[in-house]
Amino acid sequence: MRDSRGAEFDDFVRTRSATLLRVAYLLTGDRHEAEDLLQEVLEQVYVHWRRVRTVPEAYARRALINRAASRWRRRSRRPERALGDLDPSAPDGTENVLLRELVIAALRALPHRQRAAVVLRFLEDLSVADVAAALDCSEGAVKSHTARGLARLRAALAGSGLVLPVSNDSGGFR
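Residues numbered from 1 in each chain as written. Predicted model: local features only at pLDDT ≥ 70, side-chain atom pairs only at ≥ 80, totals over all residues. Heavy atoms only, no water.

Side note on the environment of P56
Mapped onto the secondary structure, P56 falls in helix α4 (residues 56-76). Put simply, P56 and R16 are 40 residues apart on the chain and 9.6 Å apart in space, counted from C-alpha to C-alpha. If near-sequence neighbours (up to four positions away) are discounted, P56 is found in contact with F12 and W49. (Helix = DSSP H or I, 4+ residues; strand = E, 2+ residues; numbered from the N terminus. Contact = heavy atoms within 4.5 Å.)

Quick look at the pattern of salt bridges
Scanning the model with the defined rule gives seven salt bridges in all. A salt bridge links E40 to R67; its shortest N-O distance comes to 3.1 Å. Taken as a pair, E40 in helix α2 (residues 31-47) and R67 in helix α4 lie far apart in primary sequence, 27 residues in all. R62 is the partner of D136 in a salt bridge, and the nearest nitrogen-oxygen pair spans 3.4 Å. Pair noted here: D136 is in the loop between α7 (128-135) and α8 (139-156) and R62 is in helix α4, with a separation of 74 residues, a long-range link. A relative accessible area of 56% places D136 in the exposed class. Overall, R62 belongs to the partly exposed group, its relative accessible area being 26%. Each of R16, E57 and R61 takes part in salt bridges that share partners, so that together they form one network. (Salt bridge = Lys/Arg side-chain N within 4 Å of Asp/Glu carboxyl O. Buried < 20%, exposed > 50% of the residue type's maximum accessible area, 1.4 Å probe, protein only.)

Things to note about the confidence of the model for the protein
Mean pLDDT over the protein: 82, with 78% of residues reaching 70 or higher. In this model residues 168-174 is a low-confidence stretch, pLDDT under 50, and it forms 16 contacts with partners more than four residues away in sequence or in other chains. (pLDDT = per-residue confidence, 0-100.)

As for unusual backbone geometry
Most peptide bonds adopt trans geometry, and most residues besides glycine take a negative phi value. In this structure, D125 takes a positive phi of about 60° despite not being glycine. For D125, the position within the fold is in the loop between α6 (112-123) and α7.

Some points on the environment of L98
Its place among the elements puts L98 in helix α5 (residues 94-109). Here the alpha-carbon distance between L98 and S160, two residues 62 residues apart in the chain, equals 9.9 Å.

A word on the packing of aromatic side chains
A ring pair, where both rings are aromatic, is described by two values, the distance of the centres and the angle of the planes. Applying the stated criterion across every chain, the model contains three aromatic pairs. For the ring pair F9 and Y46, a centre distance of 5.0 Å and an interplane angle of 70° mean the geometry is edge-to-face. Here Y46 lies in helix α2 and F9 lies in helix α1 (residues 4-28), a separation of 37 residues in the sequence. The exposure class assigned to F9 is buried, which follows from its relative accessible area of 10%. A relative accessible area of 26% means that Y46 is categorised as partly exposed. Between the aromatic rings of F9 and W49, the centroid separation amounts to 5.6 Å while the plane-to-plane angle is 85°, which identifies the pairing as edge-to-face. Here F9, found in helix α1, pairs with W49, found in helix α3 (residues 49-52); they are 40 residues apart in sequence, far enough to count as distant. On the basis of relative accessibility, which here comes to 2%, the residue W49 falls in the buried class. Through successive ring pairs, a cluster of aromatic residues spans F9, F12, Y46 and W49. A cation over an aromatic ring shows up here: R121 above the ring of F122, its NZ or CZ 5.6 Å from the ring centre. (Phe/Tyr/Trp six-rings, centres within 6.5 Å; stacked < 30°, edge-to-face > 60°. Lys NZ or Arg CZ within 6 Å of the ring centre and 35° of its normal.)

Side note on the packing of α7 against α8
It is the contact of α7 with α8, at a shortest axis distance of 8 Å, that shows an interaxial angle of 95°. What the angle tells us is that α7 and α8 run roughly perpendicular. Counted together, V128, A129, V131 and A132 of α7 and E139, V142 and K143 of α8 form the full contact between these two elements. In terms of residue class, the contact of α7 with α8 is made up of five nonpolar, no polar and two charged. (Axes fitted to C-alpha atoms, helices over the stretch in contact; angles between N-to-C directions. Parallel < 35°, antiparallel > 145°, perpendicular 65-115°, else oblique. Nonpolar A, V, L, I, M, F, W, Y, C, P; charged D, E, K, R; others polar.)

As structure tokens, this is what we get:
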């Protein structure tokens, strides 16, 4: 029979792993890397479950960001691998795949703090305060990272037809 820690953790993994995998994928840009990253983080969450069980998702998100940043630092010492040639004129619905690859490549080109801020803020729909807690920085820094990241994404995706969020008068985004 499983202990309560195991049952609670299993329930957490069952209900939140898809969301965490999506965050990991958007942080890494590679499905296999994201799966490996999430596996490492879930192992870490399990080991620290008694301490983090009141906020396991926030802890896991933070761990994903930290481990992804460590991987980015290690990868920056190695040459970047190419995404391959993409043919924008390919027929039969490949436009969506090409657009997704273009967005992932643009996200991968962002510095890790900007990438994390954009992913958590807009793709995970977290509040500025939640992103600040996940990144361990001020709300102003989150807004700055987000604005700079969106500006770089806009420049990288110019001409793709993709519409990115724009800032409103209060310094936030809509």
